[in-house]
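Residue-level listing of the chains:
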Amino acid sequence: MSSTPVTPRPDASPGTDPGAAPRRLTVLSGGVGGARFLQGLLHLARREQDATGTVTEVTVVANTADDWWLHGLKVCPDLDTVMYTLGDGIDVERGWGRREETWNARDELAAYGVGPAWFGLGDRDLATHLVRTQMLDAGYPLSAVTAALCRRWQPGVELLPMTDDRVETHVVIDDPDTGERRAVHFQEYWVRHHAEVPAHAVVPIGLEDSSPGPGVLAAIAGADVVLVPPSNPVVSVGTILGVPGLREALASTPAPVVGVSGIIGEDHVRGMARQLLGVVGVEVSAAGVAEHYGRRGATASDGAAGVLDGWLVDTVDEKAVERLRASGFACRAVPLWMDDLDTTAALAAAALDLAAEVGRR
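Here the structure is a predicted model, which means the values were calculated and not measured.

J.: Before we move on, can you summarise the packing of aromatic side chains with the specific residues and values?
T.: Here the structure, examined in full by the defined rule, presents 5 aromatic pairs. Relative to Phe119, the ring of Trp68 has its centre 5.0 Å away and its plane inclined at 80°; by these criteria the two rings are edge-to-face. With Trp68 in strand β3 (residues 68-70) and Phe119 in the loop between α3 (104-111) and α4 (123-137), this pair connects stretches of sequence that are 51 residues apart. Across the pair, Phe119 and Trp68 agree in class, each one buried. One aromatic cluster is present, built from ring pairs that chain together Trp68, Trp118 and Phe119. The aromatic ring of Trp96 is capped on one face by Arg94, whose charged end is 4.3 Å from the ring centroid.

J.: Go over helix α2 (residues 77-86), please, and point to the residues and values.
T.: Since one α-helical turn is 3.6 residues long, residues separated by three or four positions face the same way. Of all 10 residues making up α2, 10 are buried, and the element is well covered by its neighbours. The complete set of buried residues in α2 reads Pro77, Asp78, Leu79, Asp80, Thr81, Val82, Met83, Tyr84, Thr85 and Leu86. Positive backbone phi, at 65°, marks Asp88, one or two positions downstream of α2.

J.: So what's going on with the sheet that holds strand β12 (residues 330-333)? Residues and values would help.
T.: Strand order in the open sheet formed by 7 strands is β5-β2-β1-β9-β10-β11-β12, and the pairing between neighbours is parallel. A single partner strand is all that each edge strand has here, and the edge strands are β5 (158-161) and β12. Adjacent strand axes in the sheet meet at a mean angle of 20°, parallel and antiparallel pairs treated alike. In this structure, strand β2 (residues 56-62) lies alongside β5, joined through 4 bridges in parallel fashion. The residue bridging Val60 from the neighbouring strand is Leu159, located in β5. In the packing of α2 onto the sheet, the strands contacted are β1 (23-29), β2 and β5, and the crossing angle to β5 comes to about 175°. Sheet contacts for helix α13 (residues 341-360): β1, β9 (225-228), β10 (257-260), β11 (310-313) and β12; angle to β12, the most-contacted strand, approximately 150°.

About the cut-offs
- Residues numbered from 1 in each chain as written.
- Predicted model: local features only at pLDDT ≥ 70, side-chain atom pairs only at ≥ 80, totals over all residues.
- Heavy atoms only, no water.
- Phe/Tyr/Trp six-rings, centres within 6.5 Å; stacked < 30°, edge-to-face > 60°.
- Helix = DSSP H or I, 4+ residues; strand = E, 2+ residues; numbered from the N terminus.
- Buried < 20%, exposed > 50% of the residue type's maximum accessible area, 1.4 Å probe, protein only.
- Lys NZ or Arg CZ within 6 Å of the ring centre and 35° of its normal.
- Pairing = 2+ DSSP bridges.
- Axes fitted to C-alpha atoms, helices over the stretch in contact; angles between N-to-C directions.
- Contact = heavy atoms within 4.5 Å.

Below is the structure:
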């Protein structure tokens, strides 16, 4: 599936070139945080197109390690959150699932005593998983299935799974019922236990044996800018980077790679990044996450090849700027709260402006 850029207007501003090559942006995204950042990025792109005629094509490489099978259906939370958010079908208050959802199927399953009781699929959302599973059973890879689903939602981006292979993140916890240590699927750790139980390890099953999905490496190699939004650095961006070949692709792309901190003032904005960063031994700070990703041409805190050129931190973390610049990162402190489309577009503009600074070096 090709992306759906906003096409040049016939009355584009004087001096623009409607036939110019589009700006190509590649974004590595998890669920809610990545989807909100993408909303602002597309809002910015439409404003720029109206003003200058510049066309922007956005490709999203989405995390699939949160995926799991439930009631015989393949559920892809991050892919669907991006697709629904950009396709104007998301439940805005929850940040996931469908708007105006009903729960009849969930309630009927509960009446039959079929679990898990802590995770329910809404009736509207259920249709997506039915179509996905039917296509997978027919032999289509996840990338082709995702393209087919996006033809309905028209998200305005090319949405690519990080891999077509099965990868599932598990978390080793102390079971609150038995006190025993066991591995549970990430969804159980997050949805059932709200990341409130002691965790000891994050284990992405199948990640080492996976391969990049179709178009993923080309999207990184051919980008003008690669952006890493404020998605979870362990179980979203972290698993994307863990797909063999992805980290190397980022290290070698000619495009600037700029990220946005999801940690503000030593805590996450939402989710469970603080807990999981502690599990993997990473300092819970804006600077700590940047060092965990690592600077291109150097190594990350875990010894892997670095992937970032630039990093945005919030204004409350301005002290991190000097620390990161001393390590060779391009870094600025700007407001990171994505309160509405305009503030999120301003954040996207700051990320692109930092990428331009990196490109001038």
